[in-house]
Amino acid sequence: MSIFRDDLFRDQVVLITGGGTGIGRGIAMALAAHGADTAILSRTAEHLDPTATEIRNSTGRRSLALVADVRQPEQVEAAVGRVVEELGRLDIVINAAAGNFLCPSADLSPNGFGTVLDIDAKGTWNVSRAAYHAWLRDHGGRILNISATLHYGGTPGQVHVAAAKAAVDALTRTLAVEWGPQGIRVNAIAPGPISDTEGARRLFPDTIADRLKRIIPVRRLGRIEDVVNLTLFLLSDAAANINGEIVVTDGGLCLSGNLN
Ligand code: HXC
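This text gives an overview of the structure that appears in the document. (Residues numbered from 1 in each chain as written. Predicted model: local features only at pLDDT ≥ 70, side-chain atom pairs only at ≥ 80, totals over all residues. Heavy atoms only, no water.)

Here's the deal with the environment of A36
As a reminder, the rule being used: For the purposes of this entry, the term helix denotes a DSSP run of H or I that reaches at least four residues, the term strand denotes a run of E that reaches at least two, and both are numbered from the N terminus. Remark: exposure states derive from per-residue accessible area (1.4 Å probe, protein chains only) relative to the maximum for the residue type, with buried under 20%, exposed over 50%, and partly exposed in between. In what follows, residue pairs with any heavy atoms lying within 4.5 Å of each other are defined as contacts.
With respect to the secondary-structure elements, A36 resides in the loop between helix 1 (22–33) and strand 2 (37–42). Since its relative accessible area comes to 0%, A36 is described here as buried. It is 5.2 Å that separates the C-alpha atoms of A36 and F9, two residues lying 27 residues apart in sequence. Setting aside anything within four residues of it in sequence, one finds A36 in contact with F9, Q12, V14, L31 and R61.

Examining the pairing of strand 1 (residues 13–17)
For clarity, the cut-off: Note on pairing: two strands pair once DSSP finds at least 2 bridges between them. For a crossover, the right-handed case is the one in which the path from the first strand over the helix to the second runs clockwise, viewed with the strands pointing away from the viewer.
Extensive coverage of strand 1 is indicated by the burial of five of its five residues. Neither face of strand 1 is exposed, since V13, L15 and T17 on one face and V14 and I16 on the opposite face are all buried. When strand 1 meets strand 2, the two strands line up parallel, connected through five bridges. Bridging from a neighbouring strand, I16 pairs with I40 of strand 2. You can see the chain leave strand 1, run along helix 1 and come back into strand 2, and the turn it takes is right-handed.

Section: the site of the ligand
Worth spelling out the cut-off: We call a residue near a given molecule or strand whenever any one of its heavy atoms falls within 4 Å of it. Polar contacts, as used here, are pairs of N or O atoms within 3.5 Å; protein pairs need one atom able to donate a hydrogen and one able to accept it. Residues neighboring in sequence count only if both atoms are side-chain atoms. Per-residue and other accessible areas were derived by the Shrake-Rupley procedure at a 1.4 Å probe size, with only the shown protein chains allowed to occlude residues. Side-chain classes follow a simple rule in which Ala, Val, Leu, Ile, Met, Phe, Trp, Tyr, Cys and Pro form the nonpolar group, Asp, Glu, Lys and Arg form the charged group, and the remainder, Gly included, forms the polar group.
Neighbouring the ligand are 18 residues, the closest being R43, R71, N100, S109 and R202. Note that an oxygen atom of the ligand is positioned 2.8 Å from one of the side-chain N or O atoms of R71. Interatomic distance of 2.8 Å between a side-chain N/O atom of R202 and an oxygen atom of the ligand. Notes on the ligand: free accessible area 1100 Å², of which the protein chains cover 60%. Residue assignment for the shell around the ligand shows that the elements contributing at least two residues are helix 4 (110–139) and helix 6 (198–203). Across the shell around the ligand, the residue classes tally to seven nonpolar, seven polar and four charged.

Focus on the nonpolar core
For soluble globular proteins, nonpolar side chains are generally found buried alongside one another. Note the cut-off: Residue types Ala, Val, Leu, Ile, Met, Phe, Trp, Tyr and Cys, when buried and joined through side-chain atoms within 4.5 Å, form a set referred to as a nonpolar core.
Counting 31 residues, the largest nonpolar core has F9, I27, L31 and I94 as its most contacted members. When contributions to this core are tallied by element, the ones reaching two or more residues are strand 1, helix 1, helix 2 (45–59), strand 4 (92–95), strand 5 (141–146) and helix 8 (224–235). No other element matches the seven residues that helix 1 contributes to this core. Sequence-distant contacts of I94, defined by excluding residues within four places in its chain, comprise V14, L15, I16, T17, I27, L31, L144, T231 and L235. Core analysis: the next-biggest nonpolar cluster, separate from the first, contains 30 residues, L15, I119, W135 and I143 among them.

Brief notes about helix 3 (residues 73–87)
Threshold: Under the convention used throughout, the expected extent of a helix is 1.5 Å for every residue step, that is, one less than its residue count. Note that the arc is computed from the directions linking the helix axis to the C-beta atoms.
Given a rise of 1.5 Å per residue, 15 residues ought to cover 21 Å, and the 21 Å separating the end C-alpha atoms of helix 3 matches this to within 8%. Along helix 3, the residues that are buried comprise V76, A79, V80, V83 and L87. Each buried residue of helix 3 lies within a common arc of 95° when the element is viewed along its axis, so the set occupies one face. Structural note: helix 3 exposes E74 and E85 on the side pointing more than 90 degrees away from its buried face. Turning to helix 3, the residues buried within the fold contact strand 1, strand 2, strand 3 (63–67) and helix 4. A positive phi of about 90° marks G88, the residue just after helix 3.

Here's the deal with helix 2
Its 15 residues give helix 2 an end-to-end C-alpha distance of 21 Å, which sits within 8% of 21 Å, the value for a rise of 1.5 Å per residue. Buried within helix 2 are the following residues: L48, T51, A52 and I55. Looking down the long axis of helix 2, one finds its buried residues gathered within 105° of arc, a one-sided arrangement. Residues of helix 2 that are exposed and angled more than 90 degrees away from the buried face: E46, N57 and S58. Looking at the buried positions of helix 2, the neighbouring elements they touch are helix 1, strand 2 and strand 3. Phi turns positive one or two residues past the end of helix 2, at G60, with a value near 75°.

Given below as C-alpha coordinates:
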(Lines give C-alpha, C1' and ligand atoms only; values in the text may rest on other atoms or scores of the structure.)
Protein backbone atom coordinates (compact mmCIF):
# COMPACT_ATOMS: atom_id res chain seq x y z
CA MET A 1 0.00 0.00 0.00
CA SER A 2 1.57 3.28 -1.14
CA ILE A 3 1.52 6.38 1.05
CA PHE A 4 1.30 8.44 -2.15
CA ARG A 5 -1.99 9.38 -3.86
CA ASP A 6 -3.09 6.81 -6.46
CA ASP A 7 -3.45 9.48 -9.15
CA LEU A 8 -0.21 11.33 -8.39
CA PHE A 9 1.11 10.86 -11.95
CA ARG A 10 -2.18 10.30 -13.79
CA ASP A 11 -1.79 10.46 -17.58
CA GLN A 12 1.82 11.52 -17.39
CA VAL A 13 4.26 9.68 -19.65
CA VAL A 14 7.52 8.35 -18.26
CA LEU A 15 10.52 6.85 -20.05
CA ILE A 16 12.61 4.54 -17.85
CA THR A 17 15.92 3.20 -19.16
CA GLY A 18 16.81 -0.10 -17.54
CA GLY A 19 13.11 -0.31 -16.73
CA GLY A 20 12.81 -4.06 -17.30
CA THR A 21 14.73 -5.17 -14.22
CA GLY A 22 15.86 -4.16 -10.72
CA ILE A 23 15.48 -0.58 -9.55
CA GLY A 24 14.27 0.63 -12.97
CA ARG A 25 11.53 -2.03 -12.96
CA GLY A 26 10.45 -1.06 -9.45
CA ILE A 27 10.19 2.58 -10.48
CA ALA A 28 8.25 1.73 -13.65
CA MET A 29 5.76 -0.45 -11.76
CA ALA A 30 5.24 2.21 -9.10
CA LEU A 31 4.75 5.08 -11.53
CA ALA A 32 2.20 3.02 -13.47
CA ALA A 33 0.43 2.17 -10.20
CA HIS A 34 0.17 5.92 -9.61
CA GLY A 35 -1.42 6.60 -12.97
CA ALA A 36 1.43 7.04 -15.46
CA ASP A 37 1.90 5.48 -18.87
CA THR A 38 5.40 4.06 -19.13
CA ALA A 39 7.97 3.31 -21.80
CA ILE A 40 10.73 0.98 -20.62
CA LEU A 41 13.98 0.74 -22.56
CA SER A 42 16.71 -1.89 -22.53
CA ARG A 43 19.01 -3.76 -24.90
CA THR A 44 17.09 -7.02 -24.60
CA ALA A 45 13.42 -7.73 -25.19
CA GLU A 46 13.61 -10.63 -22.69
CA HIS A 47 14.21 -8.08 -19.96
CA LEU A 48 11.42 -5.80 -21.14
CA ASP A 49 8.46 -7.88 -22.28
CA PRO A 50 7.57 -9.58 -18.96
CA THR A 51 7.68 -6.24 -17.12
CA ALA A 52 5.65 -4.37 -19.74
CA THR A 53 3.03 -7.14 -19.72
CA GLU A 54 2.89 -7.15 -15.91
CA ILE A 55 2.49 -3.34 -15.82
CA ARG A 56 -0.38 -3.48 -18.34
CA ASN A 57 -2.11 -6.36 -16.55
CA SER A 58 -1.74 -5.04 -13.01
CA THR A 59 -2.43 -1.34 -13.62
CA GLY A 60 -4.35 -1.12 -16.89
CA ARG A 61 -1.92 1.60 -17.99
CA ARG A 62 -0.11 1.60 -21.32
CA SER A 63 3.47 0.30 -21.26
CA LEU A 64 5.73 0.38 -24.27
CA ALA A 65 8.79 -1.91 -24.51
CA LEU A 66 11.63 -0.27 -26.44
CA VAL A 67 14.70 -2.26 -27.45
CA ALA A 68 17.65 0.14 -27.74
CA ASP A 69 21.20 0.62 -26.48
CA VAL A 70 21.64 3.85 -24.52
CA ARG A 71 25.20 4.03 -25.90
CA GLN A 72 23.87 4.55 -29.43
CA PRO A 73 22.52 8.10 -29.96
CA GLU A 74 20.56 7.16 -33.10
CA GLN A 75 18.81 4.27 -31.36
CA VAL A 76 18.02 6.53 -28.40
CA GLU A 77 16.59 9.27 -30.63
CA ALA A 78 14.42 6.73 -32.45
CA ALA A 79 13.16 5.28 -29.14
CA VAL A 80 12.34 8.72 -27.71
CA GLY A 81 10.55 9.54 -30.97
CA ARG A 82 8.39 6.45 -30.54
CA VAL A 83 7.46 7.45 -26.99
CA VAL A 84 6.16 10.83 -28.14
CA GLU A 85 4.46 9.35 -31.20
CA GLU A 86 2.79 6.39 -29.47
CA LEU A 87 2.15 7.74 -25.96
CA GLY A 88 1.59 11.36 -27.02
CA ARG A 89 3.99 13.21 -24.70
CA LEU A 90 7.05 12.73 -22.45
CA ASP A 91 6.90 14.26 -18.98
CA ILE A 92 9.54 12.33 -17.05
CA VAL A 93 12.81 10.58 -17.89
CA ILE A 94 14.44 8.11 -15.49
CA ASN A 95 18.03 7.17 -16.34
CA ALA A 96 18.40 3.83 -14.56
CA ALA A 97 20.34 1.81 -17.16
CA ALA A 98 23.80 0.97 -15.81
CA GLY A 99 26.68 -1.42 -16.20
CA ASN A 100 28.90 -2.79 -13.47
CA PHE A 101 31.34 -5.51 -12.58
CA LEU A 102 34.01 -5.79 -9.90
CA CYS A 103 37.52 -5.50 -11.31
CA PRO A 104 40.75 -4.21 -9.75
CA SER A 105 42.10 -1.20 -11.66
CA ALA A 106 45.31 -3.04 -12.56
CA ASP A 107 43.30 -5.70 -14.43
CA LEU A 108 40.75 -3.40 -16.10
CA SER A 109 41.13 -2.96 -19.86
CA PRO A 110 40.57 0.34 -21.66
CA ASN A 111 37.43 -1.14 -23.21
CA GLY A 112 36.17 -2.31 -19.81
CA PHE A 113 36.60 1.18 -18.40
CA GLY A 114 35.07 2.80 -21.48
CA THR A 115 32.10 0.45 -21.64
CA VAL A 116 30.83 1.43 -18.20
CA LEU A 117 31.49 5.13 -18.89
CA ASP A 118 29.55 4.73 -22.13
CA ILE A 119 26.53 3.04 -20.54
CA ASP A 120 26.25 5.17 -17.38
CA ALA A 121 27.57 8.59 -18.36
CA LYS A 122 27.12 8.83 -22.13
CA GLY A 123 23.88 6.86 -21.89
CA THR A 124 22.44 9.33 -19.39
CA TRP A 125 23.52 12.18 -21.66
CA ASN A 126 22.19 10.57 -24.85
CA VAL A 127 18.76 9.94 -23.34
CA SER A 128 18.51 13.33 -21.60
CA ARG A 129 19.59 15.14 -24.77
CA ALA A 130 17.13 13.28 -26.99
CA ALA A 131 14.25 13.84 -24.56
CA TYR A 132 15.12 17.53 -24.30
CA HIS A 133 14.96 18.08 -28.03
CA ALA A 134 11.92 15.85 -28.61
CA TRP A 135 9.71 17.21 -25.82
CA LEU A 136 11.16 18.68 -22.60
CA ARG A 137 12.55 21.90 -24.10
CA ASP A 138 9.09 23.05 -25.17
CA HIS A 139 6.96 21.53 -22.40
CA GLY A 140 9.12 21.22 -19.29
CA GLY A 141 9.36 18.02 -17.27
CA ARG A 142 11.64 16.12 -14.94
CA ILE A 143 14.77 14.01 -15.28
CA LEU A 144 15.87 11.65 -12.52
CA ASN A 145 19.25 9.91 -12.70
CA ILE A 146 20.20 6.85 -10.67
CA SER A 147 23.69 7.48 -9.32
CA ALA A 148 25.61 5.79 -6.47
CA THR A 149 27.68 6.59 -3.38
CA LEU A 150 30.79 4.58 -4.19
CA HIS A 151 32.65 7.60 -5.62
CA TYR A 152 32.31 9.61 -2.40
CA GLY A 153 35.32 7.69 -1.14
CA GLY A 154 37.54 5.21 -2.90
CA THR A 155 35.85 1.87 -3.56
CA PRO A 156 38.23 -0.91 -4.65
CA GLY A 157 37.32 -2.65 -7.89
CA GLN A 158 35.03 0.17 -8.95
CA VAL A 159 37.27 2.76 -10.67
CA HIS A 160 35.19 2.58 -13.87
CA VAL A 161 31.84 2.87 -12.06
CA ALA A 162 33.08 5.61 -9.71
CA ALA A 163 34.24 7.69 -12.67
CA ALA A 164 30.96 7.06 -14.48
CA LYS A 165 28.72 7.95 -11.54
CA ALA A 166 30.77 11.10 -10.81
CA ALA A 167 29.99 12.10 -14.39
CA VAL A 168 26.30 11.36 -13.82
CA ASP A 169 26.36 13.68 -10.78
CA ALA A 170 28.03 16.41 -12.86
CA LEU A 171 25.41 15.99 -15.60
CA THR A 172 22.67 16.23 -12.98
CA ARG A 173 23.92 19.52 -11.54
CA THR A 174 24.79 21.14 -14.85
CA LEU A 175 21.56 20.27 -16.65
CA ALA A 176 19.55 21.35 -13.59
CA VAL A 177 21.04 24.82 -13.89
CA GLU A 178 20.87 25.05 -17.69
CA TRP A 179 17.38 23.60 -18.12
CA GLY A 180 15.72 24.78 -14.90
CA PRO A 181 14.47 27.99 -16.53
CA GLN A 182 12.58 25.85 -19.07
CA GLY A 183 10.64 24.12 -16.31
CA ILE A 184 12.82 21.02 -16.25
CA ARG A 185 13.95 19.74 -12.86
CA VAL A 186 16.96 17.40 -12.91
CA ASN A 187 17.80 15.39 -9.80
CA ALA A 188 19.54 12.14 -8.90
CA ILE A 189 19.19 9.41 -6.32
CA ALA A 190 22.32 7.79 -4.90
CA PRO A 191 21.36 4.41 -3.47
CA GLY A 192 23.66 2.48 -1.15
CA PRO A 193 23.55 -1.32 -1.25
CA ILE A 194 20.10 -2.41 -2.42
CA SER A 195 19.15 -6.08 -2.07
CA ASP A 196 17.46 -8.05 -4.87
CA THR A 197 19.23 -6.17 -7.66
CA GLU A 198 21.72 -7.16 -10.33
CA GLY A 199 24.18 -4.74 -8.70
CA ALA A 200 23.90 -6.62 -5.39
CA ARG A 201 24.49 -9.95 -7.13
CA ARG A 202 27.57 -8.53 -8.87
CA LEU A 203 29.02 -6.56 -5.95
CA PHE A 204 28.27 -8.32 -2.71
CA PRO A 205 27.66 -11.98 -1.94
CA ASP A 206 25.58 -13.01 1.10
CA THR A 207 28.57 -12.97 3.44
CA ILE A 208 29.21 -9.32 2.62
CA ALA A 209 25.48 -8.56 2.87
CA ASP A 210 25.54 -9.87 6.45
CA ARG A 211 28.53 -7.67 7.28
CA LEU A 212 26.83 -4.68 5.66
CA LYS A 213 23.72 -5.20 7.78
CA ARG A 214 25.89 -4.96 10.92
CA ILE A 215 27.61 -1.71 9.88
CA ILE A 216 24.79 0.22 8.18
CA PRO A 217 23.51 2.67 10.82
CA VAL A 218 19.85 1.69 10.30
CA ARG A 219 20.91 -1.99 10.50
CA ARG A 220 19.34 -3.18 7.27
CA LEU A 221 20.12 -3.26 3.56
CA GLY A 222 18.31 -0.90 1.22
CA ARG A 223 15.26 -2.15 -0.66
CA ILE A 224 13.98 -1.27 -4.10
CA GLU A 225 10.93 0.30 -2.40
CA ASP A 226 13.26 2.78 -0.63
CA VAL A 227 14.43 4.07 -4.01
CA VAL A 228 10.88 3.97 -5.36
CA ASN A 229 9.44 6.08 -2.53
CA LEU A 230 12.18 8.70 -2.93
CA THR A 231 11.56 8.72 -6.67
CA LEU A 232 7.83 9.37 -6.24
CA PHE A 233 8.59 12.27 -3.90
CA LEU A 234 11.28 13.85 -6.09
CA LEU A 235 9.09 13.63 -9.20
CA SER A 236 6.03 15.05 -7.43
CA ASP A 237 5.15 18.71 -7.01
CA ALA A 238 6.04 18.36 -3.32
CA ALA A 239 9.65 18.57 -4.57
CA ALA A 240 9.01 21.53 -6.92
CA ASN A 241 11.89 23.52 -5.39
CA ILE A 242 14.39 20.64 -5.45
CA ASN A 243 16.65 20.85 -8.50
CA GLY A 244 20.19 19.61 -9.10
CA GLU A 245 20.28 17.51 -5.93
CA ILE A 246 21.82 14.07 -5.55
CA VAL A 247 19.83 12.51 -2.71
CA VAL A 248 21.43 9.59 -0.86
CA THR A 249 19.36 6.64 0.38
CA ASP A 250 21.77 4.32 2.18
CA GLY A 251 20.69 4.23 5.82
CA GLY A 252 23.64 6.47 6.71
CA LEU A 253 26.31 4.04 5.42
CA CYS A 254 28.46 6.56 3.57
CA LEU A 255 28.49 8.86 6.61
CA SER A 256 29.66 6.06 8.87
CA GLY A 257 33.20 5.74 7.54
CA ASN A 258 32.42 2.20 6.41
CA LEU A 259 31.74 2.77 2.72
CA ASN A 260 34.23 0.12 1.63
C1 HXC B 1 36.82 -7.38 -16.15
C2 HXC B 1 35.21 -7.10 -17.79
C3 HXC B 1 34.26 -7.81 -17.00
C4 HXC B 1 34.69 -8.32 -15.73
C5 HXC B 1 33.31 -7.21 -18.85
N6 HXC B 1 34.56 -6.76 -18.90
N7 HXC B 1 33.08 -7.85 -17.69
N8 HXC B 1 36.47 -6.88 -17.37
N9 HXC B 1 35.97 -8.06 -15.34
N10 HXC B 1 33.87 -9.00 -14.92
C11 HXC B 1 35.19 -6.04 -20.02
C12 HXC B 1 35.28 -6.96 -21.22
O13 HXC B 1 36.40 -7.83 -21.13
C14 HXC B 1 35.44 -5.94 -22.36
O15 HXC B 1 36.74 -5.43 -22.46
C16 HXC B 1 34.55 -4.81 -21.87
O17 HXC B 1 34.42 -4.96 -20.44
C18 HXC B 1 33.17 -4.84 -22.51
O19 HXC B 1 32.61 -6.11 -22.24
P20 HXC B 1 31.39 -6.67 -23.11
O21 HXC B 1 30.95 -7.93 -22.48
O22 HXC B 1 31.76 -6.67 -24.56
O23 HXC B 1 30.35 -5.49 -22.94
P24 HXC B 1 28.80 -5.49 -23.10
O25 HXC B 1 28.28 -6.73 -23.76
O26 HXC B 1 28.46 -4.21 -23.70
O27 HXC B 1 28.27 -5.55 -21.58
C28 HXC B 1 28.42 -4.47 -20.70
C29 HXC B 1 28.76 -4.95 -19.30
C30 HXC B 1 27.79 -6.05 -18.84
C31 HXC B 1 28.74 -3.75 -18.35
C32 HXC B 1 30.18 -5.53 -19.31
O33 HXC B 1 28.17 -6.58 -17.59
C34 HXC B 1 26.36 -5.57 -18.83
O35 HXC B 1 25.70 -5.59 -19.85
N36 HXC B 1 25.85 -5.10 -17.68
C37 HXC B 1 24.49 -4.58 -17.59
C38 HXC B 1 23.83 -4.96 -16.31
C39 HXC B 1 24.56 -4.49 -15.10
O40 HXC B 1 25.80 -4.41 -15.07
N41 HXC B 1 23.82 -4.20 -14.05
C42 HXC B 1 24.43 -3.86 -12.78
C43 HXC B 1 24.36 -2.43 -12.56
S44 HXC B 1 24.71 -2.16 -10.89
P45 HXC B 1 37.86 -6.05 -23.50
O46 HXC B 1 39.07 -5.24 -23.26
O47 HXC B 1 38.01 -7.51 -23.14
O48 HXC B 1 37.27 -5.85 -24.89
C49 HXC B 1 25.16 -0.62 -10.67
C50 HXC B 1 25.21 -0.25 -9.22
C51 HXC B 1 26.34 0.68 -8.90
O52 HXC B 1 25.39 0.09 -11.56
C53 HXC B 1 26.39 1.05 -7.45
C54 HXC B 1 26.23 -0.06 -6.48
C55 HXC B 1 26.37 0.32 -5.00
